[in-house]
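Residue-level structural notes
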Amino acid sequence: MDIGFTYDLRSEYLALGYGEEETAEFDSVQTIESLEEAITQLGHSVTRVGNIRSLVGMLNGGRRWNLVFNICEGLHGRSREAQIPALLEAYDIACCFSDPLTMALSLDKGLTKTVVRAAGVATPNHVVIDSVEALDSPGVLTGLGYPLFVKPLHEGTGKGVNEGSVVHNEQGLRQRCSWLLERYRQPALVEGYLCGREFTVGILGSGSDAYVIGVLEVVIRQRQSGYVYSYENKEFCEQLVDYVLVEDARIKQEASALAIAAYRAIGCRDAGRVDVKADAAGRLCFLEINPLPGLHPTHSDLPILCTKAGMSYVQLIGEIIASASVRVKGAKL
């Protein structure tokens, strides 16, 4: 197939003056080269497109592809991950990963939790706070008790998450919400804090064909400061985090069932990751879902999980393309 390749190259945005945290979700040259090589090894032709502005220019010039392999995170707005899928949908061009509705929904952590809870998936109680004054509203914390976990409503890569995210009283909650509201210019998600072990579940496929590749435990090395899977821990995971493939049958079954239910509830396609964590009683609960998982071959969670589970990087990319190919019109699959 003729495949277009859209991506946000981190170095380009840094050169334009954007900061390290602003560009944390964007991709390195190594990721782009690794993906291009994998797609080529699978027998497809690849056109490097780049970001959404480059895509607009190519589409305007009449360029088309059988399929677009899209890993653009987007720069502005809570629907930023949906921008390229929506543009391609308007041009009737198939793309890898979830459609615009799922992409937009999943970036709003509060709405995502509401949807998966309606589907019967366990997740901590939560409230969305859009101003410090909202904390004075009667009953705003009904169903919640300290300690609480506070993070930005629609950020990724652990932005706004560090050891200060766990708050133990009203004063701490006000301070944390105030800081997040000012720094990230978006509401804060306040939810019950889960104190147990943390896992991420890798999933491939779409709908009833979706299946779990494996479950990976995220272990923060105790000698480091902070015990949450923070922005710093994700940025420097090679030095700060151990990833352990779970072999315990009970945990694998519980995590897999919870993750696949959440994945299907919000309509994910092709591939994704679901983060889960245990409460004080050991029961696993849904934390977040990522329908556009990072694909750096050795730094991103999903490829790390696949490697540990015995699936090569090229096989992973092949599975993603095969899943998306059913939406390609007239292509030789």
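Residues numbered from 1 in each chain as written. Predicted model: local features only at pLDDT ≥ 70, side-chain atom pairs only at ≥ 80, totals over all residues. Heavy atoms only, no water.

In the annotation of an unreviewed UniProt entry, the entry for the protein reads ATP-grasp domain-containing protein, and the organism field reads Candidatus Magnetobacterium casense. Under the heading Sequence similarities (unreviewed entry), UniProt records this for the protein: "Belongs to the D-alanine--D-alanine ligase family." (UniProt positions renumbered as here; feature names shortened; annotations may be inferred.)

1. Regarding the state of the cysteines
Counted by the stated rule, this structure contains 0 disulfides. For the unlinked cysteine Cys-96, the closest cysteine sulfur is that of Cys-95, found at 7.1 Å. (Disulfide = S-S within 2.5 Å.)

2. Examining the sheet that holds strand 1 (residues 2-6)
Paired through backbone hydrogen bonds, the strands of a sheet run either parallel or antiparallel to each other. Taken together, the 4 strands give an open sheet; going across it, the order is 2-1-3-4, and neighbouring strands pair in parallel fashion. What marks the edges here is a single partner per strand, and that holds for strand 2 (45-50) and strand 4 (94-95). Its contacts with the sheet place helix 3 (residues 52-60) against strand 1 and strand 2, and it is angled at close to 115 degrees to strand 2. Relative to the sheet, helix 4 (residues 83-90) contacts strand 1, strand 3 (67-70) and strand 4, its axis offset from that of strand 3 by approximately 175 degrees. (Pairing = 2+ DSSP bridges. Helix = DSSP H or I, 4+ residues; strand = E, 2+ residues; numbered from the N terminus. Contact = heavy atoms within 4.5 Å. Axes fitted to C-alpha atoms, helices over the stretch in contact; angles between N-to-C directions.)

3. Describing helix 11 (residues 301-308)
Judged by how many residues are buried, helix 11 sits mostly within the fold: 6 of 8 residues are covered. For helix 11, the complete set of buried residues consists of Asp-301, Leu-302, Pro-303, Ile-304, Leu-305 and Cys-306. Contacts from the buried residues of helix 11 go to strand 9 (198-204), strand 10 (211-220), strand 11 (241-245), strand 12 (271-278) and helix 12 (313-325). Count one or two residues on from helix 11 and you reach Gly-310, which has phi positive near 95 degrees. (Buried < 20%, exposed > 50% of the residue type's maximum accessible area, 1.4 Å probe, protein only.)

4. Structural notes on the side chain of Ser-300
Within the secondary structure, Ser-300 is located in the loop between strand 13 (284-290) and helix 11. Those residues in contact with Ser-300, other than ones at most four positions away along the chain, are Gly-294 and Leu-295.

5. Digging into the packing of helix 2 (residues 29-41) against helix 12
Running from N to C, helix 2 and helix 12 cross one another at 70 degrees; their axes reach a closest spacing of 9 Å. With respect to each other, helix 2 and helix 12 are oriented roughly perpendicular. Between helix 2 and helix 12, the residues in contact are Thr-31, Ser-34, Leu-35, Ala-38, Ile-39 and Gln-41 and Tyr-313, Val-314, Ile-317 and Ile-321, respectively. Considered class by class, the residues forming the contact of helix 2 with helix 12 number 7 nonpolar, 3 polar and no charged. (Parallel < 35°, antiparallel > 145°, perpendicular 65-115°, else oblique. Nonpolar A, V, L, I, M, F, W, Y, C, P; charged D, E, K, R; others polar.)

6. Remarks on the pattern of salt bridges
In the structure shown here, the tally under the stated rule is 21 salt bridges. Measuring nitrogen to oxygen at the nearest pair gives 3.3 Å for the salt bridge that ties Asp-2 to Arg-63. Remark: Arg-63 occurs in the loop between helix 3 and strand 3 and Asp-2 occurs in strand 1; sequence separation between them is 61 residues. Note on Asp-2: relative accessible area 21%, which makes it partly exposed. Two residues, Lys-151 and Glu-288, come together in a salt bridge whose shortest N-O distance is 2.7 Å. Of this pair, Lys-151 sits in strand 6 (residues 148-152) while Glu-288 sits in strand 13, and the two are 137 residues apart along the sequence. Overlapping salt bridges, with partners in common, bring together Glu-25, Arg-80, Glu-155 and Lys-159 in one network. (Salt bridge = Lys/Arg side-chain N within 4 Å of Asp/Glu carboxyl O.)

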